[in-house]
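# Geometric and topological summary
Spelled out from the first residue to the last, the chains are:
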Amino acid sequence: MKREETVDYHIKSAWHAISRMYNQQAAGEGFTTAIGFVLININSKEGTPATKIAPMMGLETRSLTRMLKNMEEKGLIFKKPDLVDKRSVRIFLTEEGKRKKEISVKTIREFNEQIREVVTESELQNFFKVFEKIQLVIDQVQSEGSDEINKIIFEL
């Protein structure tokens, strides 16, 4: 099978192109796509528990910790103890963080509007259905993998 015939090749190459486009636009504003996605996942008014951000983004906690430290140093966020759970920390956006969040949201919205200008609603719905099926296959493969690991562990 040629790489152009594989599903993952097309997903990966499209995502890399999108990511490069987003990074170029973010770089002009002094931040990165990754920071933009973190900003989008922080509630602008109530803040967001630090422990909730990584799972929302599919990131490892360690990666997010470094990123949050960097964002705090750049004046995009600040931390406060959670008023309900004193053991937890909430992440809040500074005014600059809110501004960059708006830039991120606007960039994503504009890109999606451009896509919708050239792709029909029917094509988009089919695209989303295909991705749902791809996700089901991924979930099944991962489940089978963990089933195999569990089988090996229990045989030991």
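The preceding data block contains the structure.
Residues numbered from 1 in each chain as written. Predicted model: local features only at pLDDT ≥ 70, side-chain atom pairs only at ≥ 80, totals over all residues. Heavy atoms only, no water.

Once that is clear, we can look at the packing of helix α2 (residues 33-40) against helix α5 (residues 95-118). Running from amino to carboxyl end, α2 crosses α5 at an angle of 105 degrees, the nearest separation of the two axes being 9 Å. Considering their axes alone, α2 and α5 lie roughly perpendicular with respect to each other. Touching G36, F37, L39 and I40 of α2 are G97, K100, K101, S104, V105 and I108, all from α5. Of the residues in the contact of α2 with α5, the class split is 5 nonpolar, 3 polar and 2 charged. (Axes fitted to C-alpha atoms, helices over the stretch in contact; angles between N-to-C directions. Helix = DSSP H or I, 4+ residues; strand = E, 2+ residues; numbered from the N terminus. Parallel < 35°, antiparallel > 145°, perpendicular 65-115°, else oblique. Contact = heavy atoms within 4.5 Å. Nonpolar A, V, L, I, M, F, W, Y, C, P; charged D, E, K, R; others polar.)

Within the largest apolar cluster, 17 residues are counted, with the highest numbers of intra-cluster contacts made by I35, V38, L39, I42, L68, M71 and I77. Only α2, α3 (50-57), α4 (61-73) and β3 (89-93) provide two or more residues apiece to this core. (Core = buried A, V, L, I, M, F, W, Y, C linked by side-chain atoms within 4.5 Å. Buried < 20%, exposed > 50% of the residue type's maximum accessible area, 1.4 Å probe, protein only.)

Attention now goes to empty space enclosed by the protein. For the coordinates displayed, the defined rule picks out 1 cavity of 30 Å³ or more. A volume near 110 Å³ is recorded for the largest cavity. In terms of lining, the largest cavity is formed by 13 residues, of which the most central are Y22, A26, T33, S104 and T107. (1 Å grid on protein atoms, 1.4 Å probe; cavity = no way out; pocket = protein on both sides within 12 Å on 5 of 7 lines; lining within 4 Å. Points joined across faces, edges and corners; volume = space filled by probe spheres on them.)

Their axes nearest at 11 Å, the elements α2 and α4 cross at an angle of 90 degrees. Classified by the angle between their axes, α2 and α4 sit roughly perpendicular to one another. Listed contacts from α4 to A34, I35, V38 and L39 of α2 are L64, M67, L68, N70 and M71. Residues of the contact of α2 with α4, tallied by class, amount to 8 nonpolar, 1 polar and no charged.

With 13 residues, α4 should cover 18 Å at 1.5 Å per step; its first-to-last C-alpha distance of 18 Å lies within 8% of that length. Within the span of α4, buried status applies to L64, M67, L68 and M71. Around the axis of α4, the buried residues are gathered within 105 degrees of arc, so they sit on the same side. In α4, the exposed positions that point more than 90 degrees away from the buried face belong to R62, R66 and E73. Buried residues along α4 sit in contact with α2, α3, β2 (77-81) and β3. G75 sits one or two positions beyond α4 and adopts a positive phi of about 75 degrees. (Expected span 1.5 Å × (residues − 1). Arc of directions from axis to C-beta.)

A few words now on the pattern of salt bridges. Proximity of charged atoms lets side chains of opposite charge pair with each other. Scanning the entire structure with this criterion turns up 12 salt bridges. Via salt bridges that share partners, E29, E96, R99 and K100 belong to a single interconnected network. (Salt bridge = Lys/Arg side-chain N within 4 Å of Asp/Glu carboxyl O.)

This paragraph deals with the packing of aromatic side chains. The description of an aromatic ring pair rests on the distance of the ring centres and on the angle between the ring planes. This structure, assessed with the given rule, holds 6 aromatic pairs. Taking the centre distance of 6.3 Å and the plane angle of 35 degrees together, the rings of W15 and F37 count as tilted. One end of the pair, W15, is in helix α1 (residues 7-27); the other, F37, is in helix α2, and 22 residues separate them in sequence. Overall, W15 belongs to the partly exposed group, its relative accessible area being 42%. Grouping aromatic residues by their ring pairs yields a cluster made of W15, Y22, F37 and F111. A cation sits over an aromatic face here: K80 above F92, 5.3 Å from the ring centre. (Phe/Tyr/Trp six-rings, centres within 6.5 Å; stacked < 30°, edge-to-face > 60°. Lys NZ or Arg CZ within 6 Å of the ring centre and 35° of its normal.)

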